[in-house]
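# Commentary on secondary and tertiary structure
One letter stands for each residue in the lines below.
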Amino acid sequence: VNAANGDVHDACLADLAPCFGGVVPIVLATTSAGGVPNITFLTRALPVDGERIALSNQFMSKSSRNLAEVTTACLLMVRPHTHDEFRVWIEFEQTVRRGQIFDRLRNELATIAALTRMQDVFKLHAADIFRVVRIERVKPSAHDAVDPATAFHADHAALGELCGRISRCTDLDHLVRVLLDGLDELLGFTHTMLLLTDESGERLFTLGSHGYDRAGIGAEVEFGEGIAGQAAERCAPVSVQNMWQVARYARLVRSGYEQIGALAAADEVPMPGLEAPGSQVAVPALALGELVGVILAESPTAERFSELDVASLTILGSLVASAVERLRSEVRDATTASPRAASPSTPADSRPLSIRHFAADGSTFLDNEYLIKGVAGKLFWSLVRHHLDSGRTDFTNREMRLDPTLELPDFRDNFESRLILLKRRLEDRADAVQIHKTGRGRFRISVDRPLVTELVR
Amino acid sequence: MSTVRSMLDDRVCATLASGSSHLAAVTAADGTPFAMRGWGATVNAGERCLRVLLDAADVERLVDDGAVLVGSWIAYTAASVRTLTSFQLKGRVSTSEAVSDADRGVYERYCEEYYAAVLDVDFIRRELMERMEPEALVAVEFEVEELFDQSPGPGAGRAYGAAS
């Protein structure tokens, strides 16, 4: 179809784009000057431009030696949705150890490493750049390709509608619901999470989720760990389209290193959300160059997200980040006076609710079950103490932010997101203490059981 | 050679025999590599000689282009779909001939077990896998002269059983 460099191709490189997703491993064949061939599976490969591809040079010592002698290699590539197979001859051009292509390949390997804490093993030594000499369809099919076209293709109208809905949100709680519900209803992302950056700027915590049996509100992930942590660390979208294979491969490599004592046995980074995701994508939510959080979408199916989906999520990430920052600053600047409540009413349920709070890290337990920790835990404790000491039920964000027991940092105090996190955790557990929004920058707690508190120092 | 014979152990044979992806590479007449799928293998002659099944169209094309298959090196890889255990066997082709009924049985078993493993592990439907099937097969034999363990991990690519 495409003539270039005097060769006739059965397809152009753009047609092979789905082959680079990693669902069906790419096979690399090389040969020595003496005619001894070698076969290896590629860890990662990327198209560079319309004529070139880049291969990760990571575990390929024999292939590298062969390429030094015979610079032509032969690939077998398979389109995952149709299983059309292509034989691709490539000519080695150069090895690069820096630059955009090297960084892209390095980041893809880092994503694999992040799944099993093998950052020291999955290090890209170099990226080899090849010019595509010839593309040949291995077996011209007598039948039309059966392409189930499972990938989402988020359309502009739906994206515009969701942007509009987000723009009309007046508080953070509402924003989280609108975003996650809208991603499913309008764009077909059935399993999603919004994670926000914590006060340390080194962790993400889950503020909202959609499509899971367990909401996982408050679950935390370190920067660099898992897909969401990788997106946060790089401030760039990260996607894995073949989670099963990547996880299986990484697990096997890790166990090999553990057996020879090169790596200590370690738990895998727990995957948030789906137990066995087929594909995941995470995009950073950035505002004015600062990371506010990450949107994570996943699917039980491999090869589920297209580049257009990543672009759509990136747009939404930017919008959400700006909205979160704007809402935080509005609430921060609100001057509403703190209303004081009348004496508390007698709880309807006479069974006491035990609250145990650990001052060291803010860990808080209700009836011996973990509720929350950190700033949100300290906030809960402060609200409960205020309520018990003075009978207050109504509070403002502004006054609570100034509470020194919360130990909020001067910069990026995250108070609003911690308040929403606490509110959602309490809703999730249907506890006797609940938080209700009563206006911009104002909220009320309701207490349905007598409280018995214990402070552990 | 005796070292290689001892290396074709149960683990290697099991990987070749069941639920694995087979690939082959040879060197074409112009000195460049040529990759193709393998469609089943049988270990014969005291576990030194490997009989592998290749797409007849690929082999005919190589020969038409001037390659002399017999006497040339071939690399043959079997990678378990379930465990990713992977071995590469290399040797010089001694025979290239039409397939027998026994070969067709090997091919059918290979497809059944390979497709079942792929469906089981990667959820790829059989109809898609069948799209890659060859219309005709050729049987190629070679004596295994080199054997490498390519299972992912720190030992990937090392000669298998070299110390024995």
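From a predicted model like this one, the values you see are computed outputs, not experimental measurements.

Turning next to the interface of chain B and chain A. Chain B puts 41 residues into the contact, and the matching count from chain A is 44 residues. With both sides pooled, the region where chain B packs onto chain A buries about 3500 Å², and carbon together with sulfur makes up 61% of that total. Between R87 of chain A and D58 of chain B there is a salt bridge whose closest N-O contact spans 3.0 Å. Run the count over chain B and chain A and you get 14 residue pairs in polar contact (both at pLDDT 80 or more). Broken down by secondary-structure element, the contributors of at least two residues to the side of chain B that touches chain A are β1 (20-27), β2 (33-44), α3 (56-64), β4 (73-80), β5 (86-98), α4 (101-122) and α5 (126-130) of chain B. Its residues placed into classes, the side of chain B that touches chain A shows 23 nonpolar, nine polar and nine charged.

Here we take up the pairing of strand β4 (residues 37-41) of chain A. Residue and element names in this part refer to chain A. With four of its five residues buried, β4 lies for the most part within the structure. Note that strand β3 (residues 27-31) and β4 share five bridges and pair antiparallel. Opposite T30, over in β4, you have N38 as the bridge partner.

With that settled, consider the packing of aromatic side chains. Throughout the structure, instances matching the rule amount to eleven aromatic pairs over all chains. A network of ring pairs unites the aromatic residues W39, Y107, Y110, Y114 and Y115 of chain B as a single cluster. The ring of F205 of chain A is capped by R418 of chain A, whose NZ or CZ atom sits 3.9 Å from the centre of that ring.

Residue and element names in this part refer to chain A. Every buried residue of helix α1 (residues 61-69) is listed here: S63, N66 and L67. Seen along its axis, α1 keeps its buried residues to an arc of 100°; they face one direction. Residues of α1 that are buried sit in contact with β3, β4, β7 (72-78) and β9 (126-137).

Moving on, we come to the packing of helix α3 (residues 156-167) of chain A against helix α4 (residues 172-185) of chain A. Residue and element names in this part refer to chain A. Relative to each other, α3 and α4 sit at 170°, their axes nearing to 9 Å. Considered as vectors, α3 and α4 are oriented roughly antiparallel to each other. Like other packed secondary-structure pairs, α3 and α4 cross with a definite hand, here right-handed. Facing α3, whose interface residues are L162, R165 and I166, α4 presents L175, V178, L179, G182, L183 and E185. Across the contact of α3 with α4, the residue classes tally to six nonpolar, one polar and two charged.

So, how was this worked out
Residues numbered from 1 in each chain as written. Chains lettered and ligands numbered in written order. Predicted model: local features only at pLDDT ≥ 70, side-chain atom pairs only at ≥ 80, totals over all residues. Heavy atoms only, no water. Contact = heavy atoms within 4.5 Å. Buried area = accessible area lost by both parts, 1.4 Å probe. Salt bridge = Lys/Arg side-chain N within 4 Å of Asp/Glu carboxyl O. Polar contact = N/O pair within 3.5 Å; in protein donor to acceptor, adjacent residues only side chain to side chain. Helix = DSSP H or I, 4+ residues; strand = E, 2+ residues; numbered from the N terminus. Nonpolar A, V, L, I, M, F, W, Y, C, P; charged D, E, K, R; others polar. Buried < 20%, exposed > 50% of the residue type's maximum accessible area, 1.4 Å probe, protein only. Pairing = 2+ DSSP bridges. Phe/Tyr/Trp six-rings, centres within 6.5 Å; stacked < 30°, edge-to-face > 60°. Lys NZ or Arg CZ within 6 Å of the ring centre and 35° of its normal. Arc of directions from axis to C-beta. Axes fitted to C-alpha atoms, helices over the stretch in contact; angles between N-to-C directions. Parallel < 35°, antiparallel > 145°, perpendicular 65-115°, else oblique. Left-handed = near helix turned anticlockwise from the far one by under 90°.

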